[in-house]
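# Observations on the three-dimensional arrangement
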Amino acid sequence: MIDAAVLDHVAIALERWDDAWPRYVGELGGEWVSGGESIGFAPGQLRYANGMRVEVLAPFAVDQNDFLRRFLDTSGPGPHHLTFKVPDLPAALAEAEDAGFAPVGVDLRDPTWKEAFLHPKQARGVVVQLAESYGEWSSPPPPGMPPRGEPSSLDHVAHAVADLDDGLALFAGLLGGEEQGRDEDDVARWVDLAWPGPGRIRVVAPRPPASPLATALAGRPGRVHALSFTVPSLPAGEPRIVEPEGNHGVRLVLHPPSDR
């Protein structure tokens, strides 16, 4: 197990930052934290009421690095990666290798930001970024951002896997998520995992194999299935579902406070 890993944020890929603001700022009340431009991508982070973050990625300088452009061209907009902060990246990489993973993109040059990645073929259908960082970064918000809606909480990331034990081997066994509970219904089984701070993942697997969740996996070992928010302004009742095609490739499950 990687020592003291913490789930820091979930990243989504979009063509333009502006595509994200109406939903993630205007409706869900995300607070701008920081953003900028880098080789291949422009990241912008939003923080929610419970401290959990969403990072919005848009292509930039793709002539120098086209990784995000290729992702969008192949997969379209949608969830891109999960970032876990670790206190000692070399030690984390050694643990990952001992567990049979082959980290890629290892970069230890910058003492304030060291990073490496687990490829989605090994990381149950999602890119996992491991990062060792020092200090917080902030920057002014970009022009044209809409007024914030009432702040919502990003309660968990639902990550669907073909095999529940296989998913737990990564998120609990290697990354150290602590089990908070488990349940099942007619179509799925799931386990809720927590890390220090607000980061939560619900690892969910289809039950039986012909369930809609199995259809959504489409033969993949896993994929980010949904982001689950508590929205203060929603009336009591059933959660509101926003399907990926209505939200730039990201499925949302929006709960009223009484249904948290």
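See the structure printed just above.
Note that the structure is predicted; figures quoted are calculated from it, not measured.

## As for the overall build of the chain
Helix and strand content of the chain: five helices and 15 strands. The C-alpha atoms of the chain give a radius of gyration of 18 Å, which matches the 18 Å a tight globule of 260 residues would have. Its C-alpha atoms give the chain principal-axis dimensions of about 50 × 45 × 35 Å. Burial statistics for the chain: of 260 residues in total, 47% are counted as buried. In the chain, of all internal contacts separated by at least 6 residues, the share reaching a separation of at least 24 is 60%. Computing the positive centroid from 22 side-chain charges and the negative centroid from 37, the chain places the two 3 Å apart.

## Brief notes about the layout of surface pockets
To find leftover empty space, a probe the size of one water molecule is rolled over the atoms. As a volume, the second largest pocket reaches approximately 450 Å³. For the second largest pocket, the lining is made up of 17 residues, of which D185, A188, V204, H225 and R251 are closest to its centre. Broken down by secondary-structure element, the contributors of at least two residues to the lining of the second largest pocket are strand 9 (153–161), strand 11 (188–194), strand 12 (200–206), helix 5 (212–217), strand 13 (222–230) and strand 15 (252–255). Residue classes in the lining of the second largest pocket are distributed as 10 nonpolar, four polar and three charged.

## What to know about the pattern of salt bridges
The final tally for this structure, using the stated rule, is 15 salt bridges. With a shortest N-O distance of 3.7 Å, D8 and K85 are connected by a salt bridge. Placement of D8 in strand 1 (residues 6–13) and of K85 in strand 5 (residues 78–85) is noted, with a sequence separation of 77 residues between them. Close ionic contact of E243 with R251 constitutes a salt bridge, the shortest N to O distance being 3.3 Å. Salt bridges sharing common partners tie together E15, R69 and D73.

## Some remarks on the pairing of strand 3 (residues 40–47)
In terms of burial, strand 3 is largely enclosed, as six of its eight residues are buried. In terms of strand pairing, strand 2 (residues 31–35) meets strand 3 through four bridges, oriented antiparallel. Each residue of the ladder has a partner; that of W32, found in strand 3, is L46. Direction of pairing for strand 3 relative to strand 4 (residues 53–60): antiparallel, over a ladder of eight bridges. What sits directly across from A42, in strand 4, is A58.

## Overview of the sheet that holds strand 1
Spatially, eight strands are ordered 2-3-4-1-5-8-7-6 in an open sheet, and the strand pairing comes out mixed. Because the sheet does not close on itself, it has two edges, and the strands there are strand 2 and strand 6 (104–110). Across the sheet, the axes of successive neighbouring strands diverge by a mean angle of 25 degrees, strand direction being ignored. One ladder, built from five bridges, connects strand 1 with strand 4; its direction is parallel. Following the sheet pairing, V10 is matched in strand 4 by V54. The strands that helix 3 (residues 89–98) touches are strand 6, strand 7 (113–118) and strand 8 (127–133); relative to strand 7, the one it contacts most, it runs at about 15 degrees.

## A closer look at the sheet that holds strand 15
Strand pairing within a sheet occurs via backbone hydrogen bonds; the two strands may be parallel or antiparallel. With mixed pairing, seven strands are arranged side by side in an open sheet as 10-11-12-9-13-15-14. Since the sheet does not close on itself, it has two edges, and those belong to strand 10 (178–184) and strand 14 (240–242), each with one partner. Within this sheet the neighbouring strands show an average axis-to-axis angle of 20 degrees, counted without direction.

## Considering the environment of G173
Mapped onto the fold, G173 is located in helix 4 (residues 164–174). Between the C-alpha atoms of G173 and A99, which are 74 residues apart in sequence, the distance is 9.2 Å.

## Here we look at the nonpolar core
Y24, F84, F171 and L227 are the most contacted members of the largest nonpolar core, which has 59 residues in total. The element contributing the most residues to this core is helix 4, with six residues. In contact with L227, not counting residues within four places along its chain, are V10, Y24, V54, L154, H156, V157, V250, R251, L252 and V253.

Rules and cut-offs
Residues numbered from 1 in each chain as written. Predicted model: local features only at pLDDT ≥ 70, side-chain atom pairs only at ≥ 80, totals over all residues. Heavy atoms only, no water. Helix = DSSP H or I, 4+ residues; strand = E, 2+ residues; numbered from the N terminus. Rg over C-alpha atoms; globule rule 2.2 N^0.38 Å. Buried < 20%, exposed > 50% of the residue type's maximum accessible area, 1.4 Å probe, protein only. Contact = heavy atoms within 4.5 Å. Lys, Arg positive; Asp, Glu negative; His and termini not counted. Charge placed at Lys NZ, Arg CZ, Asp CG, Glu CD. 1 Å grid on protein atoms, 1.4 Å probe; cavity = no way out; pocket = protein on both sides within 12 Å on 5 of 7 lines; lining within 4 Å. Points joined across faces, edges and corners; volume = space filled by probe spheres on them. Nonpolar A, V, L, I, M, F, W, Y, C, P; charged D, E, K, R; others polar. Salt bridge = Lys/Arg side-chain N within 4 Å of Asp/Glu carboxyl O. Pairing = 2+ DSSP bridges. Axes fitted to C-alpha atoms, helices over the stretch in contact; angles between N-to-C directions. Core = buried A, V, L, I, M, F, W, Y, C linked by side-chain atoms within 4.5 Å.

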